[in-house]
Amino acid sequence: MSSQRVKLDIQDHHVVMDNGILQVTLSKPDGIVTRIQYNGIDNLLEVLNEEVNRGYWDLVWSEAGSVGTTGTFYVIKGTKFEVIVESDEQVEVSFTRKWNPSQKGKLVPLNIDKRFIMLRNSSGFYSYAIYDHLKEWPPFNLPQTRIVFKLRKEKFQYMAIADNRQRYMPLPDDRLQERSKVLDVPEAVLLVNPIEPEFKGEVDDKYEYSSENQNLRVHGWICMDPPVGFWQITPSDEFRSGGPLKQNLTSHVGPTCLAMFLSAHYSGEDLVLKLKPDEPWKKVFGPVFIYLNSVTSNANDDPSPLWEDAKSQMMTEVQKWPYDFPASIEFPPSDQRGNVSGRIQVRDRYVSEDCIPGKGAYVGLAPPGDAGSFQRDCKGYQFWTRADEHGYYSIKNIREGQYNLYAWVPGFIGDYRYDAAITITAGCDIDVGELVYEPPRDGPTLWEIGIPDRSAAEFYVPDPNPNYINKLYVNHPDRFRQYGLWERYADLYPDQDLIYTIGTSDYAKDWFFAQVTRKKDDDTYEGTTWQIKFQLDNVNQSGTFKLQISLATANIAELQIRINDPKADPPLFTTGVIGKDNTILRHGIHGLYWLYSIGIPATLLVEGNNTLFLTQPISNSPLAAFHGLMYDYIRLEGPPSSTSTRGVKPANMAPHTPLD
């Protein structure tokens with residue numbers, strides 16, 4: 001480590017931050033990172049790119065009233081440069097861009113202040129930004145904003161995003177038209193003639209490397225000669241949208257390294273930030289840390305020392321959060337924040353007479369709304385933690401403001417919301433005491449399929465088509481990230497749809513992970529109807545059964561429910577057309593969570609054999625292959641009266657063990 005003081009060199013068109021360990025050059029007044037010098041490498045960023053296309057903040061915006069998740073792409077360029085802090089210990093610089101009414105319709109109506117910070121003896125630099133929209137300004141939509149770094153392709157060829165998700169990557173040239181074949185969407189290509197023969201026949205698709213917010217703390221790239229790592233560290237989720245399970249892009253072929261703040265991926269238009277007329281909005285994104293590391297020697301080109309060090313640095317940054325060095329008053333330090341703690345338990349009288357500790361519960365504060373609304377929130381801040389095995393939790397360093405407390409407990413369906421709003425003030429320490437969540441439940445469990453964990457990962461995920469392999473995910477826990485798995489349904493069920501028999505079928509082997517359309521011989525698609533066969537020994541004709549269905553994702557899909565008559569019109573229940581998650585195409589195993597509690601009159605059921613029909617009929621668009629849904633969990637409950645279920649052997653009603 002250098003003990004050199006931090007220096008700032010202000011030139012005509014650039015500024016350079018230098019602490020003796022690294023030097024970072026930014027364009028002036030744009031605020032684009034054009035050069036990063038470190039460990040003898042003159043520039044870690046792609047020198048073949050124009051300066052504006054190396055390290056930058058960007059966003060996508062559209063006019064109010066626009067639909068969808070696209071819009072105008074804009075690389076954020078400042079028009080004014082300012083030195084905020086300049087000392088031996090720290091440099092902080094600002095690049096601002098103001099909006100005025102003459103720019104209406106031409107430029108996103110935001111004031112944006114991009115900040116960059118370098119500290120003494122720090123092997124990296126920080127960046128954050130303040131977005132500010134005044135009440136009187138035009139409303140607009142903001143589908144996406146992020147930071148992008150594009151590294152030198154001849155140096156950074158090994159990517160790491162998790163202990164078990166890292167590999168040598170193809171080159172960006174391998175994606176060129178003469179070397180690849182575009183698959184169903186432009187992001188996915190089959191490498192036909194790559195420069196390195198080892199990649200021939202593999203699929204490259206940036207969505208195969210997505211991660212949930214809760215796991216998205218550090219990722220990046222490694223150069224083997226000299227051994228150098230470039231890492232993007234996000235120490236907090238407070239400024240990200242959608243909650244802890246929201247999936248975001250990480251790194252991908254480029255070599256590209258991203259810090260995603262807002263995106264509609266795996267959620268669709270529900271997570272497009274839409275400002276209304278006369279609605280002010282301000283938010284701080286970041287700071288995130290760009291960390292550089294190196295080792296003096298690297299036997300056998302082993303990337304693990306750099307990766308392990310990056311993880312260690314990530315933990316250091318998490319422990320330092322919230323940082324005390326950003327100079328903007330919009331980023332409050334720890335003493336201007338508050339804490340909330342308590343305990344959550346579950347009361348389900350059909351599982352236990354006593355309250356069950358909310359083991360592993362997700363507990364969070366998010367802007368006020370209905371139960372579960374946090375997963376569609378993108379305007380405010382969110383603060384999440386996991387409860388311990390006894391249901392106790394503590395959420396620290398919450399920004400001042402008004403929130404609702406939300407929770408869900410793995411192993412139980414539904415969402416919890418604490419009725420009283422919680423107001424956080426500087427220094428407050430609120431104990432909300434013992435909270436009891438009563439999940440939706442009308443009667444005893446007659447049968448169930450799956451695990452209520454908001455994911456379809458426990459169901460049958462097929463082997464990929466041998467022509468569409470990503471070698472990283474062969475024999476991998478995340479095998480669902482292989483390309484083209486939706487097409488395997490028609491291979492496995494060419495003529496007749498899935499039939500699942502309670503008591504003999506195994507959902508890990510017999511329940512396909514996604515209910516998708518079936519491709520026909522003429523390359524058109526048709527909807528599908530799955531069947532669940534089950535037996536009832538006695539049915540009290542005056543009772544009502546309850547079907548609990550939770551979905552892990554939906555994409556332009558409709559779920560119709562029928563009992564014992566596949567042609568019943570109208571069906572007993574329909575969701576209507578729901579979802580634009582695009583999770584199936586993007587190799588996720590969940591998107592937004594949906595829960596439906598459906599009453600089944602006993603008059604529709606018979607003693608003996610019964611069949612539940614699940615129909616997804618939508619199949620008539622250019623992207624019909626990706627219409628469909630993933631189930632999280634299905635449960636049939638008997639009527640509350642014990643007489644109606646006499647003779648029915650209930651399924652095991654012990655609470656599910658939360659997944660790690």
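Residues numbered from 1 in each chain as written. Predicted model: local features only at pLDDT ≥ 70, side-chain atom pairs only at ≥ 80, totals over all residues. Heavy atoms only, no water.

An unreviewed UniProt entry lists the protein under the name rhamnogalacturonan endolyase, with Prunus persica given as the organism. Here the protein is described in UniProt, under the heading Subcellular location (unreviewed entry), as follows: "Secreted". Heading Sequence similarities (unreviewed entry) of the UniProt record for the protein holds this comment: "Belongs to the polysaccharide lyase 4 family." (UniProt positions renumbered as here; feature names shortened; annotations may be inferred.)

Q: Looking at this model, I keep getting lost on the sheet that holds strand 39 (residues 528–536). Mind explaining?
A: The strands that make up a sheet are held in pairs by hydrogen bonds between backbone atoms, and each pair lies either parallel or antiparallel. Pairing in this open sheet of five strands is mixed, and the strands run 35-39-45-41-42 from one edge to the other. The open sheet is flanked by strand 35 (499–501) and strand 42 (573–574), the only strands paired with a single partner. Strand direction decides the pairing type here: strand 35 and strand 39, joined by three bridges, are parallel. Within the sheet, the bridge partner assigned to Ile499 lies in strand 39 and is Gln531. (Pairing = 2+ DSSP bridges. Helix = DSSP H or I, 4+ residues; strand = E, 2+ residues; numbered from the N terminus.)

Q: It is not clear to me how the pattern of salt bridges should be interpreted in this structure. Could you clarify?
A: Side chains bearing opposite charge may pair, as long as their charged atoms lie close to each other. Tallied over the entire structure, the rule returns 33 salt bridges. A salt bridge links Arg175 to Asp204; the nearest nitrogen and oxygen atoms lie 2.7 Å apart. Placement of Arg175 in the loop between strand 13 (165–168) and strand 14 (180–182) and of Asp204 in strand 16 (residues 203–204) is noted, with a sequence separation of 29 residues between them. With relative accessibility at 28%, the residue Arg175 sits in the partly exposed group. For Asp204, a relative accessible area of 3% translates into the label buried. (Salt bridge = Lys/Arg side-chain N within 4 Å of Asp/Glu carboxyl O. Buried < 20%, exposed > 50% of the residue type's maximum accessible area, 1.4 Å probe, protein only.)

Q: What am I meant to see in the nonpolar core here?
A: The nonpolar side chains of soluble globular proteins are, as a tendency, buried together. Residues Leu59, Tyr131, Phe149, Phe230 and Leu405 are the most contacted members of the largest nonpolar core, which totals 113 residues. Taken domain by domain, this core gets at least three of its residues from each of domain 1 (7–320) and domain 2 (334–437). Ile449, Tyr468, Val516 and Leu559 belong to the second-largest nonpolar core, a separate cluster that totals 60 residues. (Core = buried A, V, L, I, M, F, W, Y, C linked by side-chain atoms within 4.5 Å. Domains from an automatic or database assignment.)

Q: What exactly am I supposed to notice about the domain arrangement of the protein here?
A: It is common to report an interface's size as the accessible area lost on association of the parts. Each assigned domain of the protein is listed with its residue range as follows: domain 1 (7–320), domain 2 (334–437) and domain 3 (445–637). The C-alpha centroid of domain 3 is placed 37 Å from the C-alpha centroid of domain 1. Opposite the 27 residues of domain 1 that make contact, domain 3 presents 28 residues. Summed over both partners, the interface of domain 1 with domain 3 comes to about 2,400 Å²; 51% of that surface belongs to carbon and sulfur atoms. Looking only at domain 1, the three residues that lose the most surface to domain 3 are Asp184, Glu208 and Tyr266, adding up to 25% of its buried area. Across the contact surface, domain 1 and domain 3 share 18 residue pairs in polar contact (both at pLDDT 80 or more). If one sorts the elements of the side of domain 1 that touches domain 3 by residue count, strand 13 sits on top with three residues. (Contact = heavy atoms within 4.5 Å. Buried area = accessible area lost by both parts, 1.4 Å probe. Polar contact = N/O pair within 3.5 Å; in protein donor to acceptor, adjacent residues only side chain to side chain.)

Q: It is not clear to me how helix 1 (residues 304–320) should be interpreted in this structure. Could you clarify?
A: Since the α-helix packs 3.6 residues into each turn, any two residues three or four apart lie on the same face. For helix 1, which comprises 17 residues, the first-to-last C-alpha distance of 24 Å matches the rise-based estimate of 24 Å (1.5 Å per residue) to within 8%. For helix 1, the complete set of buried residues consists of Leu306, Trp307, Ala310, Lys311, Gln313, Met314 and Glu317. Considered in projection along helix 1, the buried side chains sweep an arc of 165° and stay on one side of the axis. Those residues of helix 1 that are buried lie in contact with strand 10 (124–133), strand 12 (156–162), strand 13, strand 18 (218–224), strand 19 (227–233) and strand 24 (281–294). (Expected span 1.5 Å × (residues − 1). Arc of directions from axis to C-beta.)

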